[in-house]
Amino acid sequence: MSESALFGNYARSNLTFDHGEGVWLVTSDGRRFLDCGSGIAVNSLGHSHPHLVQALQDQAAKLWHVSNLHQTPEGERLAQRLCAETFADKVLFVNSGAEAMEAAIKCARRYHYDNGQPDRFHIVTFEGAFHGRTLGTIAAGGQAKYLEGFGPKAPGFDQVPVGDLEALKAVIGPQTAAIAIEPIQGESGIREIQTDFLRALRRICDENGILLIFDEIQTGVGRTGRLFAHQWTGVEPDLMAVAKGIGGGFPMGACLATAETAGALVPGTHGTTFGGNPLAMAVGNAVLDVVLGDGFLEEVRRKGLSFKQKLAGLVDGHPKVLDEVRGNGLMLGLKCAVPAGDYVAAARQAGLLAVPAGDNVVRIMPPLTMSEEEIALAVERLDMAACAIEAKLVEGAAE
Ligand SMILES: *Cc1c(COP(=O)(O)O)cnc(C)c1O
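Residues numbered from 1 in each chain as written. Predicted model: local features only at pLDDT ≥ 70, side-chain atom pairs only at ≥ 80, totals over all residues. Heavy atoms only, no water.

The name an unreviewed UniProt entry gives the protein chain is Acetylornithine aminotransferase, with Roseibium marinum as the organism. As recorded by UniProt, the Catalytic activity (unreviewed entry) comment attached to the protein chain reads in full: "N(2)-acetyl-L-ornithine + 2-oxoglutarate = N-acetyl-L-glutamate 5-semialdehyde + L-glutamate". UniProt lists a comment for the protein chain under the heading Sequence similarities (unreviewed entry), and it reads "Belongs to the class-III pyridoxal-phosphate-dependent aminotransferase family. ArgD subfamily." (UniProt positions renumbered as here; feature names shortened; annotations may be inferred.)

Draft legend 1. Here's a closer look at the pairing of strand β10 (residues 211-215). Of all 5 residues making up β10, 5 are buried, and the element is well covered by its neighbours. Residues of β10 alternate between two faces, with Leu211, Ile213 and Asp215 on one and Leu212 and Phe214 on the opposite face, all of them buried. Note: β10 against strand β11 (residues 239-242), 3 bridges, orientation parallel. Pairing of Ile213 across the sheet is with Leu239, part of β11. (Buried < 20%, exposed > 50% of the residue type's maximum accessible area, 1.4 Å probe, protein only. Helix = DSSP H or I, 4+ residues; strand = E, 2+ residues; numbered from the N terminus. Pairing = 2+ DSSP bridges.)

Draft legend 2. Quick peek at the environment of Ile179. One can find Ile179 in strand β7 (residues 176-181). A C-alpha to C-alpha distance of 34 Å links Ile179 and Gly295, two positions 116 residues apart in sequence. Ignoring anything within four residues of it in the chain, the contact list for Ile179 reads Val124, Phe126, Leu168, Ile172, Leu201, Cys205, Ile210, Leu211, Leu212 and Ile213. (Contact = heavy atoms within 4.5 Å.)

Given below as structure tokens:
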């Protein structure tokens, strides 16, 4: 093949997929892979889900884009439905996760500005966080490897370790506008945040007039068996960023907020050309039709438990390869005893796709529609992958 004309910023596999069917991805030469990565927690309903295909085709034949200069009834409907299911009163639609987080950050800052506190613009975030790749969200995430070489880090982000209330109290001051956290840290290795800690954050925010932002870009839209992961905890935010699974593969995101908080973004303060366009809204509504359907989330919870139990058995059977299983619902992680990248490669050899994360973890995040039989098959393939690595370890020891 000739030299790629694409930027070299991604380390891509050599697989080329031609089409998808449910939890399966099929290459152009007919090889079938069990998709336990869902394009990084995006294909929440798998590939070519008939209800989503129909919604997109119907909308495509009618109207694609009108901009936010005009009404979008499908967007109004999707916003109403999201509000009915959550803490939120208002929704802003955007095109990606990073944009959803940017909107939440801007809204929080503007809220305090409107209250006569223009210097109150600091956002507290947590070690291991990932909030996106824009200049603002790499500053929020605070990871050196994503900040390096891109000029001065945007000011106004303070980072503390997860669970460390003393460190948190030490950075909070009259400059603090908001605290932002993922209920389960995804990119850094499926690290669940304790409910007690989230409760403490809510209390600290309430006591100090600080806004609480949840980044549910990866955890949301049924991934953990609730529509949003924080709904397991009873702790509610003032602002929430959503993306990935909400579009089922169609690029879209959303910032949800209480009425009081959202009120800060009056006409002219913020916007996006594509955000909430009719195609995205049609698909978003179709995703909710399924995820909010009778018994769907209950099934995700049941299948998540079953998958996690089977993975725990796998860990027990392969102590030289796997250390532990973590996560909730169908947002699972296998902490590896060998390099996580090696296990992802071995799984791919066995016909299963998974996604590496930080902390030497392999993420298992299949479509929420995965059946019990497909879970059993996934565990079989993950077992084959572990056996293949063990065989190599034995070979290596013999040499
Ligand atoms: C993926 C992700 C983002 C960034 O979303 P993009 O759509 O890639 O901009 C932000 N936060 C979390 C928790 C994510 O998982």
